[in-house]
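# Breakdown of the fold
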Amino acid sequence: MHQPLEGESLAVDLLRDELGDAVSFASDILDSARRDKSGYESPSAPLAVVTPRTTEQVQAIMRIATQTRTPVVVRGAGTGLAGAAVAGDGEIVLSTLALNKLLEVSRDDELAVVQPGIINAELNEQLAPHGLWFAPDPASRAISTVGGNIATNAGGLLCAKYGVTRESVLGLKVVLADGRLLELGHRTVKGVTGLDFTALMIGSEGTLGVVVEATLRTRRLVSGPVAVISATFTSVEDAARASAVITASGLTPAVMELIGESAMVHISDYLGLGHPGGSQLIVQFDGPGALAEADAALTSITSLGGTAVLSGDRAEGERLFSLRRSFHPSIARLGTVLIEDVCVPRSALPAMFAAIGDIERRYGIVIPTVAHAGDGNLHPNFVFDGPEVPDTIWAAADEMFLTALRLGGTLTGEHGIGLLKRRWLRDELGDDQIELQRQVKRVFDPLGILNPGKVFTA
Ligand SMILES: Cc1cc2nc3c(=O)[nH]c(=O)nc-3n(C[C@H](O)[C@H](O)[C@H](O)COP(=O)(O)OP(=O)(O)OC[C@H]3O[C@@H](n4cnc5c(N)ncnc54)[C@H](O)[C@@H]3O)c2cc1C
């Protein structure tokens, strides 16, 4: 077991003195902070888990961390898929779960002010009586925090039309590594004063500061008809081609999800449904033009060999999306899962699916894949036994990442870099940009105590 060093013991004493019962050393609580939902597990437990109830307490934690040079891992709900919220030896975990209030709703200005630990779906339940909603809808919306969504710039099913988290954040309050409180951004729709530090914080994975409050852009609840198409294709590449054609024709689906054949088999088994075979494309349109847009999409789908059913029933749409949301649990029971997250230009989706098929054949593995096809974001999944990722899986993943980059894409559409994608960061960013990013990190966190080792290698 790790014996606390001198600075660590001091940090623990100071935390106890200043934060009292907000500090926990319970072994089950320390142990749960060793993992997120990526399958990665830190080899040891952190020093303490601190659950502040006020911004002042967050500032106190960061002042103590700076004074004692103790690393801090900020943690929301721990549902991340990149190992970014896992903590270990000599680290303090700062849990945001008690900072979970909706502080203000303004229907007139279409905004809401929240604390970071509020759960995404609970925020939306509280916004609904005001006729408003917060658009980012990760498939983990029932279990992930808005602070975590901001720190990972989370996407979701509706992001093709309504944008990722970045498009729904107007301003942030952030506690810096030394305990100072910054107010970033604005409550206005526009705002270009100075450098855009709000954007810099979004997706920074707890490496630059602790988000303690967020002013969110909300939207009016969408009323009127919805139209949902459920289409089956014999080949996943044809399904991907249909999605690319729908995008290229200027239609704006609210949701366009693709479920590859092996993914569909696992979902059907998990839910106890009969599986007719083939890949599934689910396309939903909303708003006044929903039915006309769906008719046009249907024509494209059938001309590309899809068998499709069009429904105007909201409940049918929800049923189809619950199939999609069952994907993660359906494969989590098969073994250890490495969930990947590449994103390519939407026109390149068919080529990316073809490349995944080629990798499957050459490595003799199956890579169940789903995609937010409306924004070109694929989740190829690698399933294996035991805690260590086998070398063949890393080699197959390596080819997949490099293919995505070659097609003009990116390593991660929404899950972030964390610990698990660091080895490919240089392939995408290049030496100069990595060095600039490290320098920015040092400006915000000169002692390197915020989530050390995440995103950037030492
Ligand atoms: C079943 C399932 C489905 C998922 N579907 C999606 C999806 O569709 N789209 C998607 O984008 N992701 C998805 N995810 C991944 C995950 O839910 C998201 O990354 C989510 O945004 C993480 O939120 P969290 O509260 O769990 O954050 P955590 O996992 O606790 O933390 C994630 C990162 O954010 C940092 N962080 C958290 N709170 C703060 C804060 N207040 N200030 C500064 N840094 C902070 C942490 O340090 C860490 O780096 C899914 C995960 C699961 C398990």
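Enumeration according to the criterion identifies 21 salt bridges in this entry. Across the pair Arg-35 and Asp-31 runs a salt bridge whose closest N-O atoms are separated by 3.2 Å. Look at Arg-35 and you get partly exposed, because its relative accessible area is 28%. Note that Lys-421 is salt-bridged to Glu-340, the shortest N-O span being 3.1 Å. Highlighted residues: Lys-421 in the loop between helix 14 (391–406) and helix 15 (425–444) and Glu-340 in the loop between strand 16 (336–339) and helix 13 (349–363), separated in sequence by 81 residues. Counted as one network, the salt bridges with shared partners bring together Asp-31, Arg-34, Arg-35 and Glu-41.

The local shell around the ligand holds 34 residues, among which Val-74, Gly-76, Thr-79, Ser-140 and Thr-145 are the closest. Between the ligand and Thr-145 there is a distance of 2.6 Å, counted from an oxygen atom to a side-chain nitrogen or oxygen. Within the backbone of Gly-148, an N or O atom sits 3.3 Å from an oxygen atom of the ligand. Look at the ligand: alone it shows 980 Å² of surface, and the protein chains cover 96% of it. At the level of elements, strand 3 (72–75), helix 5 (146–152) and strand 10 (210–217) are the ones that each hand at least two residues to the shell around the ligand. A per-class count over the shell around the ligand returns 12 nonpolar, 18 polar and four charged.

Topologically, Thr-207 is positioned in the loop between helix 7 (197–201) and strand 10. The class for Thr-207 is buried, based on a relative accessible area of 3%. The sequence separation of Thr-207 and Lys-441 amounts to 234 residues, and the corresponding C-alpha distance is 7.2 Å.

This paragraph deals with the packing of helix 8 (residues 236–248) against helix 10 (residues 290–303). Contact geometry of helix 8 with helix 10 gives a least axis separation of 9 Å together with a crossing angle of 145 degrees. Helix-helix and strand crossings are classified by hand; for helix 8 and helix 10 the assignment is right-handed. In this structure, helix 8 contributes Ala-242, Val-245 and Ile-246 to the contact, and helix 10 contributes Ala-297, Ser-300 and Ile-301. Class assignment of the residues belonging to the contact of helix 8 with helix 10 gives a composition of five nonpolar, one polar and no charged.

With that out of the way, let us pick up the pairing of strand 5 (residues 102–106). When strand 5 meets strand 6 (residues 111–114), the two strands line up antiparallel, connected through four bridges. Residue pairing across strands places Ser-106 opposite Leu-111, the latter belonging to strand 6. The antiparallel hairpin formed by strand 5 and strand 6 contains four residues in its connecting segment, where Glu-110 sits at a positive phi of about 50 degrees.

This next bit is on the side chain of Ser-144. Of note, Ser-144 is situated in the loop between strand 7 (132–133) and helix 5. Of note is the side chain of Ser-144, whose polar atom sits 3.2 Å from the side chain of Asn-149. Aside from chain neighbours lying at most four places away, what touches Ser-144 is Ala-77, Thr-79, Ile-118, Ile-119, Asn-120, Pro-138 and Asn-149.

Reading across the sheet, the four strands line up as 1-2-4-3 and stay open at both edges, with mixed pairing between neighbours. The two strands at the open ends of the sheet, each matched to only one other strand, are strand 1 (23–24) and strand 3. In the sheet, strand 2 (residues 48–50) pairs with strand 4 (residues 92–95) via three bridges, with the strands oriented parallel. Bridging across to strand 4, Val-50 finds its partner in Leu-94.

Definitions and limits used
Residues numbered from 1 in each chain as written. Predicted model: local features only at pLDDT ≥ 70, side-chain atom pairs only at ≥ 80, totals over all residues. Heavy atoms only, no water. Salt bridge = Lys/Arg side-chain N within 4 Å of Asp/Glu carboxyl O. Buried < 20%, exposed > 50% of the residue type's maximum accessible area, 1.4 Å probe, protein only. Helix = DSSP H or I, 4+ residues; strand = E, 2+ residues; numbered from the N terminus. Near = heavy atom within 4 Å. Polar contact = N/O pair within 3.5 Å; in protein donor to acceptor, adjacent residues only side chain to side chain. Areas by Shrake-Rupley, 256 points an atom, 1.4 Å probe, with all protein chains shown as cover. Nonpolar A, V, L, I, M, F, W, Y, C, P; charged D, E, K, R; others polar. Axes fitted to C-alpha atoms, helices over the stretch in contact; angles between N-to-C directions. Left-handed = near helix turned anticlockwise from the far one by under 90°. Contact = heavy atoms within 4.5 Å. Pairing = 2+ DSSP bridges.

As far as function goes, none of this settles anything; it's purely spatial.
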